[in-house]
Amino acid sequence: MSAYEISIISIIGINVILAVSLNMISGFCGQISIGHGAFFGTGAYAAALTMVGTGSVPLAILAALVTGSLLGLAVGFASLRVRTDFLAVTTIGVNFLFVGFVRKQAWLGGEMGISGIPATGFGPVGNMTMILLFAAATIALSLYISRSWMGFAFRAVGEDEGTAATLGINAGAYKLAAFGIGTALAGLAGCLYTFFTQFIAADAFDFIFSVMLMAMVVIGGIGSTWGVAVAAVGLTLLPEAIRFVNDYRLLVFGGLLVLVIRLAPSGLAGLVQKAFLAVRRS
Amino acid sequence: MLKQTIKMPNPRRKLSLGFASALMLGVATMMPAHADIKIGFQVPLTGPAATDGKSAQIAGVMAVEDINAAGGVLGQKIELVTYDDQAKSDQAIFTANKLIGEDGVKLVVNGSYSASGRAAAPVFQKAGVVMISAYGVHPDITKAGDYMFRLVHLGPQQGAATALYIGKNLGLKKISTITMDNDYGQATMNGFIEASGKYGITVVNKYSYSLKDRQFGSIVASVKRDNPDAVYATGYFFTGGPLVSQLRAAGITVPIIGSQAFDSEKFIEIAGPAAEGVYIMDSFDRDRKDETLQHFFTEFKKRAGYAPEGVAAITYSAVKLMADGIKRANSTDPAKVRDALAATKNFPMLEGTLNGFNSLHEMIMPISVNVIKDGKFKPAGVLTDLSAFAPPEK
Amino acid sequence: MGGGNGASPTAEDDAVYYFDLAVTGISFGCMYAMMSVGLTLVYGLLRILHVAHAAVFTLGAYVTVLVANATGSILLGFLAAMIVTPLFGMAIYRVMYEPLLKYRPDVPMIASIGLLIFMQDAFRIVFGEQGITFHRNAFAFTTFNVFGVTVSAVQIATIIAAAVVFTALHLFTTRTRIGIGWRATVSKPQIAASFGIDPIKVRYLNFAVGSVLAAIAGGLVAEMNNLVDPGIGFVVSYKALAIIVLGGLGSVRGTLIASLVLGLVEAYGTIFIGAWLDRDAIAFLALIVLLMIRPQGFTGARTA
C-alpha cells in the first residue's frame, strides 16, 4: 500500500467516525448540529496538549473523549432550551466561537497552531489500523444504539418530543445522552487527526468542515448508519477522484452536492430502500 | 529575445542519424525512455487561497518553459507535476504522498501557504525529498529537516525589518498596529513589536481583524483617536486595499506601512488614490534593468491578464533555483541537490540577489521597500543590515 | 502633536470617538438588514435556511460593478443588479427548493450550501481569483465632516438606502393589495388562499423582493470595499443566519432590530474584546447569550 493510499484511508476513517457520530445526534435524536467541527477540534487540541505534555497515547485518547463530550454536554444543555432551527444556528455559533477563541489563545498556539506533537510510534500503517478499528467500533456502537431501547427513545424524541413524553421518555436526558456520546466520538476523531497530521491549527475545524459533515449525513440518509458511513467514504474520496478537474474541483463538488440532493433527497439509504421495495413489489 | 534553440536534426547527418537511431532504439529498450526531470508542485488552485495559487501556478509554468527553452537541465527537460492542495494541511499530506508514491518525485516546490508547507514538510523530509517553500512563512517548515528550504523572509524577520525601517529610516516613533489574524499576519506583527523598542518605537494601540473582514470602521475610528505618527498593518492586498482606503477616507493622513503581501498591483487598483504614499515592506524593484525580470513581467501579464505580484515572482525564482541546484549538483539525486542548494551563493532571483541560506536553510537576502507614487511601485530603500533581521539558526 | 495627545484623549475626543463607532455600527447594521431580510422572508414562508442567498448577494455585487464599469454610471449598475438578482432568486426557488419542500428542512439547506459552493467557484472561474474593482468610484473616497465625525458617502448612502427600502417595503405590505395578500400568506397561508391569493405567486414575490434587497446590499459593499471577490458572500452566508435567528426567525421587524444591534455590538466589540475573540465570534457570542435568555430571539413572534 502506498503512503498516499494510507493517508487517504486514515482520513476516510476519521471522517466516518465524525459522520456516524453526528448522525447519532442529528439523525437518531433529530437535534440538528452544524458545529460538529468544534467538538472535533476540542478533541484534537486536548490530544495535542496531552501528547506534548505526556507523550501518552491512551491519555491523549482519554483527554479527547472527555473534553469533546464535556463541550457536547454544554451544547446539549443549550438544546434543552432552544429547538430546531434555533439550535442549528446555535451550533454554527458554537463552531465560530470555538475557532474565534482558539485563534486568539497563545497557550493553544494562536494562529500558529500546535506543532511538534510527538508521534504515536505506531507508524503510518499502525495509525491507519488504529483509526480503522475505532471507525469500525463507532459503526458497531451506532448500530447497537439504533437497535436498543436508547435508539428507540432517540427517534421518539427526534420525531416529536410531546409524544415521547407520553411514552414516559425523558426527552432532556436523551438529548443530553445523544450529545454526550456523539461529541465524545467527535473528540476521539480529533485525537486521531492529531496523531495523523502531528500539527493542528484552528482552520481545520471551521464551519465549512462542519457543513461537509452534515452533507455526509444528509447524503447518506439521515438516521441510517450504513448510508452515512458510505457517504463519508464517498465524499472524502470525491475530491480525490475528481482531481483531474483540478481548477474546477469546488465547482464540480458543489454541483454534485446539489444534484445528488435534488435527485435523491432521502439520501443513499432512501435510494436503497426504494430499490428494495421496487424489487419486492415486482 | 533569445528564447529558443530548437533542436533540429542536421540534414547532412542523415546517414549517421539512421545509425544513431538504431543504436538509440537499442538503448531505449534497456533504459526508461527519455526521462524528464519531474518537479512536484503544490499550489492552492481552488478555495480561498486560489488568488495566490493561480499566480504561483502561472509563474511556475513560465519558469519551467524558460528553463526548457534554454535547453533544460543536464540535457533533460523539466516537467512540473502540479497538484491542488487548497492550502489545507490534509490535502497537502495527500498530495505530498501522491507526489512521492505515485509520481516518484524527488524534488518539490511548495507554492502554497504555511498550512500546506508545514504539513507536507515532514512527509517530504522522511522520504528524502527536497522541498523549497516559495512563500510559506511558518517557522516549522524548515525545522522539519535538512531537505527543506525557504525562499521568503520569515514573518518575525519581516516584522523586525519593518521596525528598523519605521524607526530608523522614516524616524517615526508612535505607531498604531493593525494585525491580520492568521499565522503570517500574527508572526510578522510579533516580530515588529519585539524589535520596536530597539528603535525607540512605542506602539500606541494594537488592533486585529480576520482574513474575511473588508470593513474596518471601528479600527479606523480608533486609529483616528490614537493620532499616531504612522500606521503599520499586516495583511494581503485584498484586505489591505479596503483598509487603506477606509483609513484615508476617514481623514487619516499619516504614513501607512503595509506588509509584504500588500505587494500587488491589485492593491493600487482597489485603494485607488488612497494607495499614494503607502510603503510596502519586503517588496521588489519592478523597474530594475534586468532582462529576465522585464521578460517575466510582460509574459506574465500576457498570460494572467494582470501584473505579477510578489508571490508570482518568488515562485518563479523557486523553480529556477531548483533547476540551478540540479545543475550545480550535476545530478537529480535529492541528497546532492540538497547540498548544492545549501551551498547557493549569490543566486539571481527576480527580486534581487539571494545571498544564500543559513544553517536552517532560511534565506539570507536584503529587504527592499517600495512606496507607491503616481499609482506605481517605486523603490524606497533597501535594508542591508542583515544582522537586524537575521533568521534563526539550526 | 495637537492638544489631544494619543495616550490621553479629552472628554470631547471620547464623545466623538464613541459617536464615530456608533455611526460605523449603524451603517453595518443597515447593511446587515438588507442582506438578511431576504433570508427572513424565505424562512417565514418556507422554513428553509436559504444559505444560497449569499450567492444572490455576490451576484448583485458583481453585476453592479460590471455594469457600472461598462456604462460609466454606478446608478445603472445598481439598477441592473436589481433586475438580474430577482430572476436568479426565483430560479433558485423553482429549480432547487420547490421539489425539496416535502423533506426535512436540513435537506434543502444542504442543497443550498452546495449551490453556494458551486456559485462561489463559478464566480472565481468566470471573473477571476483577483476580484474586480470599480474603474471610477469617487464615492468611496468622499467624506463629510459632521461635528468632528468623519462620515463617508458610502455610509450615508447605506443608511439612506436602508431607510428608503424598508419604508417602501412597509408601505407595500400595508397599503397595496398584493402586499397585504403577501403578508397574509406568510402568517396564515390557508386563510389567505381561501381569499383567492395564489400562494405560489407569493413565494416568487418573496424570493424576488429578498433578492433585490441583497443586490442593493451587495452593490453597497462593493462600493465600500471597492473590491468584489468570489468570497465576498461568504460572510453573509453565516452572519445573516445569526441575525435572522437573533431576530426570532421569520420576523422582519426582529431582523431589523437584530441587524442594528449586531452592527453596534460588532463596532464596539471589535475594539473592546477584539483581543480575545474575532469579529465573527462576537456575533455568535451575542447570539448564544441572547438565545439562552430568550430562546425565541428578540421578538419571539413565532414559536419554533
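No experiment lies behind these values; they were computed from the predicted model shown.

The subject of this paragraph is the overall build of chain A. What chain A contains, in helices and strands, is twelve helices and zero strands. Each helix and strand of chain A, ordered N terminal to C terminal, gives the series α-α-α-α-α-α-α-α-α-α-α-α. In summary, chain A has a C-alpha radius of gyration of 19 Å against a globular reference of 19 Å for 282 residues, a match within 12%. By principal-axis analysis of the C-alpha atoms, chain A measures approximately 55 × 45 × 30 Å. Put simply, of all contacts in chain A between residues at least 6 apart along the chain, 79% involve residues at least 24 apart.

When you go through chain C residue by residue, the secondary structure sums to eleven helices and two strands. In chain C, the order of α-helices and β-strands from amino to carboxyl end is α-α-α-α-β-β-α-α-α-α-α-α-α. Over its C-alpha atoms chain C spans a radius of gyration of 20 Å, differing by no more than 12% from the 19 Å that the globule rule assigns to 304 residues. Principal axes of the C-alpha set define a box for chain C whose edges measure 70 × 50 × 40 Å.

Residues and elements named next belong to chain C. Summarising the sheet, strand β1 (residues 143-146) and strand β2 (residues 149-152) pair through four bridges and their orientation is antiparallel. Each bridged residue has a counterpart across the sheet, and for asparagine 145 the counterpart in β2 is threonine 150. In sequence, β1 turns back onto β2 through a hairpin of two residues, with phenylalanine 147 there showing a positive phi of about 50°.

As a further point, take the environment of Ile159(C). Residues and elements named next belong to chain C. Its place among the elements puts isoleucine 159 in helix α5 (residues 153-175). Owing to 17 C-beta atoms within 10 Å, isoleucine 159 belongs among the partly exposed residues under this scheme. It is 36 Å that separates the C-alpha atoms of isoleucine 159 and valine 107, two residues lying 52 residues apart in sequence. Beyond its immediate chain neighbours, meaning those up to four positions away, isoleucine 159 contacts Ile26, Ser27 and Cys30.

The next thing to look at is the nonpolar core. Nonpolar side chains in soluble globular proteins tend to be buried together. Within the largest apolar cluster, 351 residues are counted, with the highest numbers of intra-cluster contacts made by Ala19(A), Leu188(A) and Met216(A). With 18 residues, the single largest contributor to this core is helix α1 (residues 11-46) of chain C. The contact partners of Met216(A), leaving out residues within four places of it in the chain, are Ala19(A), Val228(A), Ala231(A), Ala232(A) and Leu235(A).

Across the contact, 37 residues belong to chain C and 39 residues belong to chain B. Where the side of chain C that touches chain B is concerned, the elements lending two or more residues are α1, α4 (106-127), β2, α8 (199-225), α9 (234-246), α10 (252-272) and α11 (279-293) of chain C. Here the element with the most residues in the side of chain C that touches chain B is α1(C); it accounts for six residues. By residue class, the composition of the side of chain C that touches chain B is 13 nonpolar, 15 polar and nine charged.

Our next topic: the sheet that holds strand β3 (residues 107-110) of chain B. Residues and elements named next belong to chain B. Strand order in this open sheet of five strands is β2-β1-β3-β4-β5, and the pairing throughout is parallel. The open sheet terminates on both sides in strands that have one partner only, identified here as β2 (78-84) and β5 (148-150). Pairwise comparison of adjacent strand axes, ignoring direction, gives a mean angle of 20° for this sheet. When strand β1 (residues 37-43) meets β2, the two strands line up parallel, connected through seven bridges. For glycine 40, the partnering residue across the bridge sits in β2 and is valine 81.

A few words now on unusual backbone geometry. Residues and elements named next belong to chain B. Not every positive phi belongs to a glycine, and leucine 74 is a case in point at roughly 50°. Tracing the chain through its elements places leucine 74 in the loop between α2 (50-69) and β2. For leucine 74, a count of 14 C-beta atoms within 10 Å translates into the label partly exposed. A positive phi angle, close to 50°, is found at asparagine 227, a residue other than glycine.

Residues and elements named next belong to chain B. If you walk across this open sheet you meet the seven strands as β7-β6-β8-β9-β10-β15-β16, and the pairing is mixed. The sheet is open, and its two borders are formed by β7 (202-209) and β16 (376-383), each paired with just one other strand. Averaged over all pairs of adjacent strands, the angle between their axes in this sheet comes to 25°, without regard to strand direction. In this sheet, strand β15 (residues 367-373) lies alongside strand β10 (residues 279-283) in antiparallel orientation, the contact comprising three bridges. Directly across from serine 283, in β15, lies its bridge partner serine 368. Here helix α8 (residues 217-226) sits on the sheet and contacts β6 (174-180), β7 and β8 (230-233); the angle it forms with β7, its principal contact strand, is near 175°.

Here we take up the environment of Ala52(C). Residues and elements named next belong to chain C. If you trace the backbone, alanine 52 turns up in the loop between α1 and α2 (53-71). Classification of alanine 52 as buried rests on a count of 30 C-beta atoms within 10 Å. Setting aside residues no more than four positions away along its own chain, alanine 52 makes contact with Ile92, Ser112, Leu115 and Leu116.

Take the interface of chain C and chain A next. When the parts of a complex come together, some accessible area is lost, and that lost area is often taken as the interface size. Between chain C and chain A, the residue contacts involve 38 residues of the former and 36 residues of the latter. Of all the secondary structure elements, the ones that give two or more residues to the side of chain C that touches chain A are α4, α9 and α11 of chain C. A total of twelve residues in the side of chain C that touches chain A trace back to one element, the largest contributor, which is α4(C). Looking at the side of chain C that touches chain A residue by residue, the classes come out as 32 nonpolar, one polar and five charged.

Residue and element names in this part refer to chain C. An ideal rise of 1.5 Å per residue puts 18 Å on 13 residues; α9 measures up with 19 Å between its terminal C-alpha atoms. In terms of residue burial, α9 counts as a mostly covered element, since twelve of its 13 residues are buried. Restricting attention to buried positions, one finds in α9 the residues Val235, Val236, Ser237, Tyr238, Lys239, Ala240, Leu241, Ala242, Ile243, Ile244, Val245 and Leu246. Of the residues trailing α9, glycine 248 is marked for its positive phi of about 95°.

Another point: the packing of helix α9 (residues 207-220) of chain A against helix α12 (residues 267-281) of chain A. Residues and elements named next belong to chain A. The N-to-C vectors of α9 and α12 enclose an angle of 10°; their axes lie 3 Å apart at closest approach. On the basis of their axis angle, the class for α9 and α12 is roughly parallel. Along the contact surface, α9 presents Val218, Ile219 and Gly220, while α12 presents Gly267, Leu268 and Ala269. A breakdown of the residues in the contact of α9 with α12 according to their chemical character gives four nonpolar, two polar and no charged.

Time to look at the packing of helix α1 (residues 3-28) of chain A against helix α3 (residues 89-101) of chain B. Running from N to C, α1(A) and α3(B) cross one another at 155°; their axes reach a closest spacing of 7 Å. Between α1(A) and α3(B), the interaxial angle falls into the category roughly antiparallel. Each of Ala3(A), Tyr4(A), Ser7(A), Ile8(A) and Ile11(A) in α1(A) lies in contact with α3(B), whose residues at this interface are Asp90(B), Ile93(B), Phe94(B), Asn97(B), Lys98(B), Ile100(B) and Gly101(B). Of the residues in the contact of α1(A) with α3(B), the class split is seven nonpolar, three polar and two charged.

Along its 20 residues, helix α12 (residues 310-329) of chain B runs 28 Å from first to last C-alpha, staying within 8% of the 28 Å computed at 1.5 Å per residue. By the criterion of burial, α12(B) is predominantly enclosed, with 17 of the 20 residues buried.

Right, let's get into the confidence of the model for chain C. Averaged over all residues, the pLDDT of chain C is 86; the fraction at 70 or higher stands at 95%. Contacts of residues 1-7 of chain C to residues separated by more than four positions or lying in other chains number ten contacts, the stretch itself having pLDDT below 50.

Here we take up the environment of Val236(C). Structurally, Val236(C) is set in helix α9. Dropping the residues within four chain positions of it, Val236(C) is found in contact with Met35(C), Ala54(C) and Phe57(C).

Calculation notes
Residues numbered from 1 in each chain as written. Chains lettered and ligands numbered in written order. Predicted model: local features only at pLDDT ≥ 70, side-chain atom pairs only at ≥ 80, totals over all residues. Helix = DSSP H or I, 4+ residues; strand = E, 2+ residues; numbered from the N terminus. Rg over C-alpha atoms; globule rule 2.2 N^0.38 Å. Contact = placed C-beta atoms within 7 Å. Pairing = 2+ DSSP bridges. Buried ≥ 20, exposed ≤ 12 C-beta atoms within 10 Å, placed from the backbone. Core = buried A, V, L, I, M, F, W, Y, C linked by C-beta atoms within 7 Å. Nonpolar A, V, L, I, M, F, W, Y, C, P; charged D, E, K, R; others polar. Axes fitted to C-alpha atoms, helices over the stretch in contact; angles between N-to-C directions. Expected span 1.5 Å × (residues − 1). Parallel < 35°, antiparallel > 145°, perpendicular 65-115°, else oblique. pLDDT = per-residue confidence, 0-100.

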